[in-house]
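Chain by chain, the residues:
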Amino acid sequence: MTEGAQDTTTQSEPRRSLTPFAWMSIGAAVVTIGLKTGAWLMTGSVGLLSDAAESGVNLVAAIVALIALRVAARPPDESHHFGHAKAEYFSAGVEAVMIFVASIVIVITSVERFLNPRSLENIGFGLAISLVATAVNGFVGMRLLRAGRQYRSMTLLADGKHLLTDVWTSVGVVVGVGAVALTHWNRLDSIVAFAVGVNILVTGWRLLTASVDGLMDHALADADHARIIEVLDGLCTGDVTFHTLQTRESGHRRLVSFHVVVPGAWTVQQANAVVAAAEEAVRDALDPRVGAAAERV
C-alpha cells in the first residue's frame, strides 16, 4: 500500500490584551515606593531603604513589562512570520538585570551601615506603613500570577513572582526592624538588609535562567508531550499513523508539529479531514479554553 505523509504545525491564536495587568503592576509599584520611602525616612532603617529600593526595581520592571506585552501582542507580519511573542522573554531578562543592580546596591549599603551603625526612630509608624505596602504587593502579585498561568505569559509570571518575593522580603525586614526595637542591637538592621540583597540576587538569577531557556526554544513540558502522544495514539488506525512529534514554546504560544501518514490512494480531502481532526484534538488536549489556527506545510 502506497502511503503519503503530511506535516502539520499547530499554534494558538492571539490572546486578549494583557497590558491592564502591567498597568496594575505599575500602579502598585508607585504606591509602594511612596509608602516604603516614607517608612525609611521616618525610621532611618537601611532595611526599609533596601525594601524601598526593590520597589523601585518593581516600577522599572513593570514599565518594561508593559512595553514587552504590547510588542508580544502584535500579529505576525512579513518580518516575523510567527509573531512577536518572544518579546516577553526579553522583559524577564531586563527585570533580572535590574534585580542584580538593586541587590548589589543593597548589599553595599548594608555593609556600610554594619560598619557604621545608627539608631532607629519612629519604628512603630514605619513598620505599619511598610505592612500596608506589603499587602498591596501581595494582592497584585497573586493577581499577576493567576493571569500569567491563565494566559501563559512569561512576563506576568516573572512580575508576579518578583512581587511575591518582595512580600517575603518586606516581612523579613519588618521582623528584623522589630527585633532591633526589642534588642536595641542596631547592627541587626544591616544584617537584615544584607539578607534581603542576597535573596533578591537569587530571584534575579532564576528569572535570568528562565528567560534564556525560553529564548532557546525549549520543548513543552513532559506532561504536555504525554498528553499529545495519548491523543494521537487514540487517532491511529490501520490506515493512519502519526510520527516525528516536535514541540516548542514561544512566549505564550505553544507550537506542535507532527507527521501524518495516510494511504497513497486517499484523496487530498480525505487526508485533510484526518489532519484537521488531529489538530483540533491536540489543541483541546493542551488547552480546551484557547482556540487555535493551524498552518500546514
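Look a little higher up for the structure.
Quick look at the structure, then. All figures in this text were calculated on a predicted structure; none of them were measured in a lab.

Observations regarding the pattern of salt bridges
Move 1: Across all of its chains, the model carries one salt bridge by this definition.
Move 2: The residue Arg227 makes a salt bridge to Asp224 at a minimum N-O spacing of 2.7 Å. With Arg227 and Asp224 both in helix 7 (residues 222–235) and three residues apart, the pair spans about one turn of that helix.
Move 3: Residue Arg227 is classed as partly exposed on the basis of its relative accessible area, which comes to 33%.
Move 4: Accessibility expressed as a relative area gives 13% for Asp224, which makes it buried.

Focus on the packing of aromatic side chains
Move 1: For the structure on display, the rule yields one aromatic pair.
Move 2: With a centroid separation of 5.9 Å and an interplanar angle of 70 degrees, the aromatic rings of Phe242 and Phe258 are classed as edge-to-face. A residue pair is termed long-range when its members are at least 10 positions apart, and Phe242 in strand 2 (residues 241–250) and Phe258 in strand 3 (residues 253–263) qualify at 16 residues.
Move 3: According to the relative accessible area criterion, Phe258 is buried, its value standing at 0%.
Move 4: One cation-aromatic arrangement involves Arg187 over Phe114; the distance from NZ or CZ to the ring centre is 5.3 Å.

Description of the packing of helix 1 (residues 19–43) against helix 4 (residues 123–151)
Move 1: One way to put it is that helix 1 packs onto helix 4 with a least axis distance of 9 Å and a crossing angle of 165 degrees. Taken as axis vectors, helix 1 and helix 4 run roughly antiparallel relative to one another. For the pair helix 1 and helix 4, the crossing hand works out as left-handed.
Move 2: Of the residues that constitute the contact of helix 1 with helix 4, the class distribution is 16 nonpolar, six polar and two charged.

A few points about a nonpolar patch on the surface
Move 1: Judged by side-chain polarity, Val111, Phe114, Leu115, Trp185, Ile191, Phe194, Val198 and Val202 come together as a nonpolar surface patch covering roughly 690 Å² of accessible area.
Move 2: Broken down by secondary-structure element, the contributors of at least two residues to the nonpolar patch are helix 3 (87–115) and helix 6 (187–215).
Move 3: One can find Phe194 in helix 6.
Move 4: Judged by its relative accessible area of 39%, Phe194 falls in the partly exposed class.

Topic: the packing of helix 1 against helix 2 (residues 46–72)
Each pair of packed helices can be summarised by the angle the axes make with each other and by the distance between the axes.
Move 1: Where helix 1 meets helix 2, the closest approach of the two axes is 8 Å, and the angle between their N-to-C directions is 165 degrees. Taken together, helix 1 and helix 2 sit at an angle that is classed as roughly antiparallel. Where helix 1 crosses over helix 2, the handedness of that crossing is left-handed.
Move 2: Within the contact of helix 1 with helix 2, the residues separate by chemical class into 17 nonpolar, eight polar and three charged.

Regarding the environment of Glu112
Move 1: Along the chain, the position of Glu112 falls in helix 3.
Move 2: For Glu112, a relative accessible area of 34% translates into the label partly exposed.
Move 3: On a C-alpha basis, the gap between Glu112 and Val46 in space is 9.8 Å, while along the polypeptide they are 66 residues apart.

The rules we used
- Every chain is numbered independently, its residues counted from 1 as its sequence is written.
- With pLDDT at 70 or above as the cut-off, local features in this predicted model cover only qualifying residues; side-chain atom pairs require 80 or more to be listed or tallied, and sums for whole chains, interfaces and linings still use all residues.
- For the side-chain quantities, the full set of heavy atoms in the structure was used; hydrogens and water were omitted.
- Any Lys or Arg side-chain nitrogen located within 4 Å of an Asp or Glu carboxyl oxygen qualifies as a salt bridge.
- Only DSSP runs of H or I with at least four residues qualify as helices, and only runs of E with at least two residues qualify as strands; both kinds are numbered from the N terminus onward.
- To sort residues, take the accessible area from a 1.4 Å probe on protein chains only and compare it with the maximum for the residue type: under 20% means buried, over 50% means exposed, and anything in between is partly exposed.
- Only Phe, Tyr and Trp rings are paired, with Trp represented by its six-membered ring, and only when their centres lie within 6.5 Å; those with planes under 30 degrees apart are stacked, over 60 edge-to-face, the remainder tilted.
- Two limits define a charge over a ring: the Lys NZ or Arg CZ must be within 6 Å of the ring centre, and within 35 degrees of the ring normal.
- Axis angles are defined between N-to-C directions and span 0 to 180 degrees, where every axis is a line fitted to C-alpha atoms and, for a helix, only to the segment in contact.
- Note that the term roughly parallel is reserved for angles under 35 degrees, roughly antiparallel for angles over 145, roughly perpendicular for angles of 65 to 115, and oblique for everything else.
- Each helix crossing is assigned a hand: it is left-handed if the near helix lies turned anticlockwise from the far helix by less than a right angle, otherwise right-handed if that turn is clockwise.
- Following the grouping adopted for this structure description, the nonpolar residues are Ala, Val, Leu, Ile, Met, Phe, Trp, Tyr, Cys and Pro, the charged ones are Asp, Glu, Lys and Arg, and the polar ones are all others, Gly among them.
- The patch calculation keeps residues exceeding 30% relative accessible area without a salt bridge and links them within 9 Å when they carry like charges or within 5 Å when they are nonpolar (Val, Leu, Ile, Met, Phe, Trp, Tyr).
- For accessible areas, the Shrake-Rupley method is used with a probe of radius 1.4 Å. Any residue's cover is judged against the shown protein chains and nothing else.

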